[in-house]
Amino acid sequence: MKKEIKIQFDYLNGPLWKDKLNVKTGEWTTGIPRIDNDKALQILNDEAGKMYESLYSFNNDNSGCQFNNDKYSQIKTQLLSIVQTIIDRLATINDGTFVVVDKATKSLL
């Protein structure tokens, strides 16, 4: 059975969805070494993740967080470009053991 690799954004996770915790290192992974060890993918994922995380701000009064829709509109094109590059790279390294489920592109268009 092929593993699903999700492409989606959430605070502190994404776009390359990592759902396995490595108890030895404390790091989240996809559980697929050819993805987790691909330096280009990790750089792209980190860049997009930091951009997306920057859209959130937290109030000092503990009333929660806010999402900056204006800034999101400004960086959507950049995020879309990175997501497409990640998907292209995944297609290049895919040995048939995983399938990409893109849940990000539609919301970025």
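Shown above is the structure to which this text applies.
Structure report, in brief. Note that the structure is a prediction, hence the values are computed from the model and not measured. (Residues numbered from 1 in each chain as written. Predicted model: local features only at pLDDT ≥ 70, side-chain atom pairs only at ≥ 80, totals over all residues. Heavy atoms only, no water.)

1. Regarding the overall build of the protein
Then, number 1: The number of helices and strands found in the protein is four helices and six strands.
Then, number 2: When the helices and strands of the protein are placed in sequence order, the string is β-β-β-α-α-β-β-α-β-α.
Then, number 3: With respect to the three principal axes, the spread of C-alpha positions in the protein is 45 × 35 × 25 Å.
Then, number 4: Taking all 109 residues of the protein together, 37% fall into the buried category.
Then, number 5: Of the contacts made within the protein by residues no fewer than 6 positions apart, 59% connect residues no fewer than 24 positions apart.
Then, number 6: Just so you have it, the protein exposes about 7,000 Å², and 49% of that area is on carbon and sulfur atoms. (Helix = DSSP H or I, 4+ residues; strand = E, 2+ residues; numbered from the N terminus. Buried < 20%, exposed > 50% of the residue type's maximum accessible area, 1.4 Å probe, protein only. Contact = heavy atoms within 4.5 Å. Areas by Shrake-Rupley, 256 points an atom, 1.4 Å probe, with all protein chains shown as cover.)

2. Some words on the side chain of Lys-18
Then, number 1: In this structure, Lys-18 sits in the loop between strand E1 (3-7) and strand E2 (20-22).
Then, number 2: One buried charge, Lys-18, has no salt-bridge partner; the nearest side chain with opposite charge is Asp-46, at 5.1 Å.
Then, number 3: Within polar-contact distance, the side chain of Lys-18 engages the side chain of Gln-42 at 2.6 Å.
Then, number 4: Apart from the residues lying within four places of it in its own chain, the contact partners of Lys-18 are Asn-13, Trp-28, Thr-29, Thr-30, Gln-42 and Asn-45. (Lys, Arg positive; Asp, Glu negative; His and termini not counted. Salt bridge = Lys/Arg side-chain N within 4 Å of Asp/Glu carboxyl O. Polar contact = N/O pair within 3.5 Å; in protein donor to acceptor, adjacent residues only side chain to side chain.)

3. Some remarks on helix H2 (residues 39-53)
Then, number 1: The terminal C-alpha atoms of H2 lie 21 Å apart, and with 15 residues this matches the ideal 21 Å at 1.5 Å per residue to within 8%.
Then, number 2: For H2, the set of buried residues is Leu-41, Gln-42, Leu-44, Asn-45, Ala-48, Gly-49, Met-51 and Tyr-52.
Then, number 3: Where H2 is buried, its residues touch helix H1 (33-36), strand E4 (56-58), strand E5 (65-67) and helix H3 (69-93). (Expected span 1.5 Å × (residues − 1).)

4. Regarding the side chain of Gln-42
Then, number 1: Among the structural elements, Gln-42 can be located in helix H2.
Then, number 2: A relative accessible area of 14% places Gln-42 in the buried class.

5. Overview of unusual backbone geometry
Then, number 1: The linkage connecting Gly-14 with the following residue, Pro-15, adopts the cis geometry, with an omega of 5°.
Then, number 2: Phi angles above zero are rare outside glycine, and Leu-12 is one such case at about 70°.
Then, number 3: Mapped onto the elements, Leu-12 comes out in the loop between E1 and E2.

6. Re a nonpolar patch on the surface
Then, number 1: Taken together, the side chains of Tyr-11, Leu-12 and Phe-58 present a nonpolar region at the surface, about 310 Å² in accessible area.
Then, number 2: Relative to the assigned elements, Tyr-11 resides in the loop between E1 and E2. (Patch = residues over 30% accessible without salt bridge, like charges linked within 9 Å, V, L, I, M, F, W, Y side chains within 5 Å.)

7. Examining the layout of surface pockets
Then, number 1: Put simply, the largest pocket is a space of about 370 Å³.
Then, number 2: Lys-18, Trp-28, Gln-42, Asn-45 and Asp-46 are, among the 17 residues lining the largest pocket, the residues nearest its centre.
Then, number 3: Put simply, the parts of the chain that give the lining of the largest pocket at least two residues each are strand E3 (27-29) and H2.
Then, number 4: In terms of residue class, the lining of the largest pocket is made up of three nonpolar, eight polar and six charged. (1 Å grid on protein atoms, 1.4 Å probe; cavity = no way out; pocket = protein on both sides within 12 Å on 5 of 7 lines; lining within 4 Å. Points joined across faces, edges and corners; volume = space filled by probe spheres on them. Nonpolar A, V, L, I, M, F, W, Y, C, P; charged D, E, K, R; others polar.)

This is a description of form; function is not addressed.
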